[in-house]
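Examination of the molecular architecture
Here is how the chains run, residue by residue.
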Amino acid sequence: MPELPEVEVSRQGISPWLTGIKVTRVVVRDGRLRWPVPGEIQELVDLVIHRVRRRAKYLLLETDFGTAILHLGMSGSLRVLDIGTPAEKHDHVDIELANGKLLRLNDPRRFGALLWTREPAEAHALLAKLGPEPLTDAFSADYLRERAKGRSTAIKLFLMDNHVVVGVGNIYANEALYAAGIHPKRAAGNISAERLGNLVSEIKRVLAEAIRQGGTTLKDFTSADGKPGYFVQQLQVYGRGGQPCFHCQTLLSEVKMGQRTTVFCSHCQR
């Protein structure tokens, strides 16, 4: 699944082509996504996209009269192409623009979404109860310490709860916990304030570096310009279960937590 850095890279890739441009047509070839593409999406036609914003893993195409909400799901991707470019398999939606370009949503597994809301985007049911963005000041050591207080939930699962903080998905939770030296199964409420502060710093560092590098290369994802990300070359633990830890040479452990693969070093993380 594309994680926050991949979605942010997509936002950066498509934004210059969409911002300030009028939508001329919306073509829905197959609206059977995670939720059916609503007929109201046609209200986007003749509106100018003033901003392309990201909230968690959602992309928001904002106009004066409503917002299109995009989610890439498990395998979705976006491309900016010339109008008239032939559609391929799984190219489900095109948003055509007055500059001769189109934004194309491809989604083989159909877990993505394209929705429309006339209300402020943050009031939408999908966004209303989300936690803070991890790369903002709202996600701080004090905040995480207060949220973790008394919680017995494993810290990795705690970090992946979008009500606590958005966008810390499986890959980057693995990486940040390793960098902070914290065992993924340790109870969130049993971690010292100092270590939680270090964890916040590592989450911000790992995510920012992933965005800078262009997102992690996943088998189902390439960035908006068609180039894969390169941060995968720097992953310390994710995808390396059974291989030596780069720091101590202990073989990395691999377990399932919340049905997601978790990789850690039993020596370096406690």
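Scroll up a little and you will see the structure.
Residues numbered from 1 in each chain as written. Predicted model: local features only at pLDDT ≥ 70, side-chain atom pairs only at ≥ 80, totals over all residues. Heavy atoms only, no water.

1. Focus: the packing of helix α1 (residues 4–18) against helix α5 (residues 193–213)
One can describe the packing of α1 onto α5 by two numbers: an axis separation of 9 Å at closest approach and a directional angle of 40°. When the axis of α1 is compared with that of α5, the two are oblique. Crossing of α1 against α5: the hand is right-handed. Residues Leu4, Pro5, Glu8, Val9 and Gln12 of α1 lie in contact with α5, whose contacting residues are Leu207, Ala210 and Ile211. Among the residues forming the contact of α1 with α5, the class breakdown is six nonpolar, one polar and one charged. (Axes fitted to C-alpha atoms, helices over the stretch in contact; angles between N-to-C directions. Helix = DSSP H or I, 4+ residues; strand = E, 2+ residues; numbered from the N terminus. Parallel < 35°, antiparallel > 145°, perpendicular 65-115°, else oblique. Left-handed = near helix turned anticlockwise from the far one by under 90°. Contact = heavy atoms within 4.5 Å. Nonpolar A, V, L, I, M, F, W, Y, C, P; charged D, E, K, R; others polar.)

2. Side note on the pattern of salt bridges
For the structure on display, the rule yields 19 salt bridges. Between Arg110 and Asp30 there is a salt bridge, and its shortest N-O distance comes to 3.0 Å. Taken together, the positions of Arg110 in the loop between β8 (101–106) and β9 (113–117) and Asp30 in the loop between β1 (21–28) and β2 (48–49) put the pair 80 residues apart, joining distant regions of the chain. You can call Arg110 partly exposed: its relative accessible area is 26%. Glu146 serves as the salt-bridge partner of Lys149, at 3.2 Å between the closest nitrogen and oxygen. Each member of the pair, Lys149 as well as Glu146, is classed as exposed. (Salt bridge = Lys/Arg side-chain N within 4 Å of Asp/Glu carboxyl O. Buried < 20%, exposed > 50% of the residue type's maximum accessible area, 1.4 Å probe, protein only.)

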